[in-house]
Amino acid sequence: MDIVERFINYTKFDTQSAEDADCVPSSAKQLVFAEYLKKELQAEGLDDVEMDERGYIYATLKANIRDEAPTIGFISHYDTSPDCSGADVKAQIVSHYDGGDILLRGERREERGENKEERGENKEERGEKILSPKKFPELLQHVGEDLIVTDGTTLLGADDKAGIAEIVQAMVYLQQHPEIKHGRIRIAFNPDEEIGMGAHHFDVERFGCQWAYTMDGGDVGELEFENFNAASAKITIKGISVHPGYAKGKMVNANALAAEFAKMLPEDETPETTEGYQGFYHLTSIQSSVEEARLSYIIRDHDRERFEDRKRVIQRCADQMNERYGEGTVVCTLSDQYYNMKEKIDPQMHVVDLVLHAMQQVGVSPRVKPIRGGTDGAQLSFRGLPCPNIFAGGVNFHGPYEFVSRQSMEKAMQVIVKICELTASYND
């Protein structure tokens, strides 16, 4: 089985995680894929293949050298984002992409007896989706490659089933090429990364690695070992509902107070106005009525001190509104989610240097960049498992314009193989 066939097989499973669930995994359908994956790993000759009751899968490729080498690991998640449907994914292959528009055909409306083009109605207006380099210029980096795209009705699932396919294919390749010497390699696949829970039940001790890598990055060459510090803020605003005809001096409209609270935060520090190392406040949802409003924010910053300042700012906004409208009107609940893995990676930069050397030796130009988000690797790094993030090749995650190329996945697989080979001779 080649890497494209393996990946497309994976995309046929709906593994969407659910944000509001109180079970692990958050959706039972993830376990269906996990069982399939477990059997595939056994069939491919991996050792120590096991899956726990929560759907965490662990397996081993035994060392083929006698000398003692570090045990390293590779990790990917198999859930897909709640942001877009992952059911009935119909992957399409665009061979030798020519740099033009790609028509994603899943949402066409068939109309008989009319020439829609003559009518002047363009494809987007007819409900068809166009993957175009005018909107997505990163496509032009993949001219001549074989692109795997959606049909425009679902996401693709390259985040992170491409990572799984690359890891499995690398393990198969190493078995087929015993001349490539390597130490003991551990692999693991987990649910619920997309809802921030993937690392919570990951058994670091069972995994038994000195360091590991998540294959969960974007386009070719990306290497990430610093990410946002992250927190959530839940704002509850209590209002007083009174008949509007008799409300003077009595009503407290929680809707209006919610809007006032939102305006107190800096307008130029939101996701849509920031990039690179810039942090932000992001209002993710509002549930509001006259009597009560609930606002959910996420707070992000790469710098730990600025991150702490941002939490103080949002608490201060709540305090100021309580001074204005009465104590208890606004309740702010802050919860830290994860921290920047850089502080754990910096003392062990050999785990990054190995990736840089591996990329260079397989012809990939490294692009070291900060993650404007988080990965399971961030949480695992703080649990004693240094875990940078390597590209998996996918682009435009979490939506119908997602794509990945065969060549990108093959390069990621080659990087994994080369890391295994270089680690065999690593001497700390």
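Structural data are supplied above this passage.
Residues numbered from 1 in each chain as written. Predicted model: local features only at pLDDT ≥ 70, side-chain atom pairs only at ≥ 80, totals over all residues. Heavy atoms only, no water.

Trainee: Looking at this structure, I do not really get the nonpolar core. What am I missing?
Mentor: Soluble globular proteins tend to bury their nonpolar side chains together. Core analysis: the largest hydrophobic core is formed by 65 residues, its most contacted members being Phe 7, Phe 74, Met 171, Phe 189 and Ile 390. Leave out the neighbours within four places in its chain, and Phe 74 touches Ile 167, Ile 185, Arg 186, Ile 187, Ala 188, Phe 207, Tyr 213, Met 215, Ile 416, Ile 419 and Cys 420. By size, the runner-up hydrophobic cluster in this structure holds 21 residues, among which are Ala 233, Ile 235, Phe 307 and Met 321. (Core = buried A, V, L, I, M, F, W, Y, C linked by side-chain atoms within 4.5 Å. Buried < 20%, exposed > 50% of the residue type's maximum accessible area, 1.4 Å probe, protein only. Contact = heavy atoms within 4.5 Å.)

Trainee: Any chance you could explain the packing of aromatic side chains here in plain terms?
Mentor: Counted by the stated rule, this structure contains 16 aromatic pairs. Taking the centre distance of 4.8 Å and the plane angle of 40° together, the rings of Phe 13 and Tyr 36 count as tilted. Note that Phe 13 is positioned in the loop between helix H1 (3-11) and helix H2 (29-43) and Tyr 36 in helix H2, a separation of 23 residues in sequence. Taking relative accessible area as the criterion, Tyr 36 reaches 28% and is therefore assigned partly exposed. Centroid distance Phe 33 to Tyr 78: 5.8 Å. Interplanar angle 65°. Geometry classified as edge-to-face. Taken together, the residues Phe 33 in helix H2 and Tyr 78 in the loop between strand E3 (72-77) and strand E4 (92-94) connect sequence positions 45 residues apart. (Phe/Tyr/Trp six-rings, centres within 6.5 Å; stacked < 30°, edge-to-face > 60°. Helix = DSSP H or I, 4+ residues; strand = E, 2+ residues; numbered from the N terminus.)

Trainee: What is the right way to read the sheet that holds strand E14 (residues 330-338) from this model?
Mentor: The strands making up a sheet are joined through hydrogen bonds of the backbone, oriented either antiparallel or parallel. Within the open sheet, the 4 strands sit side by side as E12-E13-E11-E14. Their pairing is antiparallel. Unpaired on one side and paired on the other, strand E12 (280-288) and E14 mark the two borders of the sheet. On average, each strand axis in the sheet is tilted by 15° relative to the strand beside it, whichever way the strands run. Bridge analysis of E12 against strand E13 (residues 292-301) gives 8 bridges, and the strand direction is antiparallel. Pairing of Ile 286 across the sheet is with Leu 295, part of E13. Along the sheet face, helix H5 (residues 254-264) touches strand E11 (229-238), E12, E13 and E14 and points at about 15° away from the line of E13. This element, helix H6 (residues 304-325), spans E11, E12, E13 and E14 of the sheet and lies at about 165° to E14. (Pairing = 2+ DSSP bridges. Axes fitted to C-alpha atoms, helices over the stretch in contact; angles between N-to-C directions.)

Trainee: Looking at this model, I keep getting lost on the packing of H1 against H2. Mind explaining?
Mentor: Two numbers describe a pair of packed helices, the interaxial angle and the distance between the axes. The geometry of H1 relative to H2 is characterised by a closest axis approach of 11 Å and an angle of 155° between their N-to-C directions. Judged by the angle between their axes, H1 and H2 are roughly antiparallel. Contact with H1, carried on its side by Arg 6, Asn 9 and Tyr 10, involves Phe 33, Tyr 36, Leu 37 and Glu 40 of H2 and no other residues of that element. Split into classes, the residues belonging to the contact of H1 with H2 amount to 4 nonpolar, 1 polar and 2 charged. (Parallel < 35°, antiparallel > 145°, perpendicular 65-115°, else oblique. Nonpolar A, V, L, I, M, F, W, Y, C, P; charged D, E, K, R; others polar.)

Trainee: Would you explain the packing of helix H3 (residues 158-176) against helix H10 (residues 406-424) in this entry?
Mentor: Contact pair H3 / H10: the axes reach a minimum separation of 8 Å and the direction vectors enclose 50°. On the basis of their axis angle, the class for H3 and H10 is oblique. In the crossing of H3 with H10, the sense of the turn from one axis to the other is right-handed. When H3 is examined against H10, the residues Ala 162, Glu 166, Ile 167, Gln 169, Ala 170, Met 171, Tyr 173 and Leu 174 are found in contact with a partner set consisting of Met 409, Ala 412, Met 413, Ile 416, Val 417 and Cys 420. (Left-handed = near helix turned anticlockwise from the far one by under 90°.)

Trainee: Explain helix H8 (residues 350-361) to me, please; I cannot follow it from the model alone.
Mentor: It helps to recall that an α-helix has 3.6 residues per turn; residues three or four apart then point in one direction. End to end, H8 covers 16 Å across 12 residues, agreeing with the expected 16 Å (1.5 Å per residue, within 8%). For H8, the full list of buried residues reads Val 351, Val 352, Leu 354, Val 355, Ala 358 and Met 359. The arc that holds every buried residue of H8, seen down its axis, measures 155°, which confines them to one face. On its buried face, H8 sits against strand E9 (211-217), strand E10 (222-224), helix H7 (342-345), strand E16 (389-391) and H10. Remark: Gly 363 follows H8 within two positions and exhibits a positive phi of approximately 85°. (Expected span 1.5 Å × (residues − 1). Arc of directions from axis to C-beta.)

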